[in-house]
Amino acid sequence: MPPSEPQIDRMINAAIQCLQEVRAHRLTVEELAERTGVEVSALRTLFADDRALTEAVGNYVAVQLTDAMSRAVATARPGDNRAALIALATAYVTWAQENRGLYGIVSERLLTTDGGAFAFHRYDASFVPLVRRLLGETEGRASHRAAIGRSFMFGITTLALDNRLEVWMRPGTSAGDEMAATITDFIDMLMAWQPPAA
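Residues numbered from 1 in each chain as written. Predicted model: local features only at pLDDT ≥ 70, side-chain atom pairs only at ≥ 80, totals over all residues. Heavy atoms only, no water.

**With respect to the overall build of the protein chain**
A count of helical and extended segments in the protein chain gives 10 helices and 0 strands. Secondary structure elements of the protein chain, listed N to C terminal, follow the sequence α-α-α-α-α-α-α-α-α-α. Pairs at least 24 apart in sequence give 65% of the contacts found in the protein chain among residues at least 6 apart. Summed over all atoms, the accessible surface of the protein chain reaches about 11,100 Å², with 56% contributed by carbon and sulfur. (Helix = DSSP H or I, 4+ residues; strand = E, 2+ residues; numbered from the N terminus. Contact = heavy atoms within 4.5 Å. Areas by Shrake-Rupley, 256 points an atom, 1.4 Å probe, with all protein chains shown as cover.)

**Quick word on the packing of aromatic side chains**
Inspection of every chain in the model, using the stated rule, returns 2 aromatic pairs. On the basis of an interplanar angle of 90° and a centroid distance of 5.7 Å, the ring pair of Tyr92 and Tyr103 is categorised as edge-to-face. Here Tyr92, found in helix H5 (residues 81-98), pairs with Tyr103, found in helix H6 (residues 100-107); they are 11 residues apart in sequence, far enough to count as distant. Each member of the pair, Tyr92 together with Tyr103, is buried. Measuring from centroid to centroid gives 3.8 Å for Phe152 and Phe186, while their planes differ by 10°, and the two rings are stacked. Taken together, the residues Phe152 in helix H8 (residues 145-161) and Phe186 in helix H10 (residues 175-192) connect sequence positions 34 residues apart. The pair formed by Phe152 and Phe186 is uniform in burial state, with each residue classed as buried. (Phe/Tyr/Trp six-rings, centres within 6.5 Å; stacked < 30°, edge-to-face > 60°. Buried < 20%, exposed > 50% of the residue type's maximum accessible area, 1.4 Å probe, protein only.)

**Topic: the side chain of Arg145**
Of note, Arg145 is situated in helix H8. On the basis of relative accessibility, which here comes to 6%, the residue Arg145 falls in the buried class.

**Points about the nonpolar core**
Within the largest apolar cluster, 61 residues are counted, with the highest numbers of intra-cluster contacts made by Leu32, Phe47 and Ile183. Elements with a minimum of two residues in this core: helix H1 (7-22), helix H2 (29-36), helix H4 (50-74), H5, H6, helix H7 (114-134), H8 and H10. Counting residues per element, this core draws most heavily on H5, at 11 residues. Beyond its immediate stretch of four places on either side in the chain, Ile183 contacts Ile86, Ala89, Thr90, Val93, Phe152 and Ile156. (Core = buried A, V, L, I, M, F, W, Y, C linked by side-chain atoms within 4.5 Å.)

**Concerning unusual backbone geometry**
For Asn163, which is not a glycine, the phi torsion comes out positive at approximately 55°. Within the secondary structure layout, Asn163 lies in the loop between H8 and helix H9 (165-168).

**Remarks on the environment of Met191**
Here Met191 shows up in helix H10. In this structure, the C-alpha to C-alpha distance between Met191 and Arg145, residues 46 residues apart in sequence, is 8.4 Å. For Met191, the contacting residues outside a window of four places in its chain are Asn81, Arg82, Leu85, Leu134, Leu135 and Arg145.

In structure tokens:
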């Protein structure tokens, strides 16, 4: 880590590395102090307690992923909801592939205390209104499509990270092309699907 990096960022990164290495589901301020050689009292000025540490790590990961997805959506032509959804989905998978360690904290539930779970819950919740709007839904007429889309994204990302996507690929195609085509086809199906009348 660069020496100029703020101490709180260095400590969050150290906590993330520890979670990844030991596959822990929680991390205490005392454990982080032992790992980094920083006095517990100094760490407590950054993280008042274990929950604050967990919340900081959870927020850090959620912000990184949220930023990547928000930037991707901003590249879509205004009013092109299909392009925005494809960009959103593609950014999710791409970020996970480029940040396997950070994504593992989310997907493998390495932060199961309230602090981390709360951060990821906020991240998910922040995208629900956007996805529903891009699907053409209103608050009073919401369907299950947003949840179906979220489930698809988790599944296809897991296949990609576990190198299992090729099992499902058409012969003679590349993983990148197949991923892009699968995401596009899914978005088209999702947008075309009409929920049954209540």
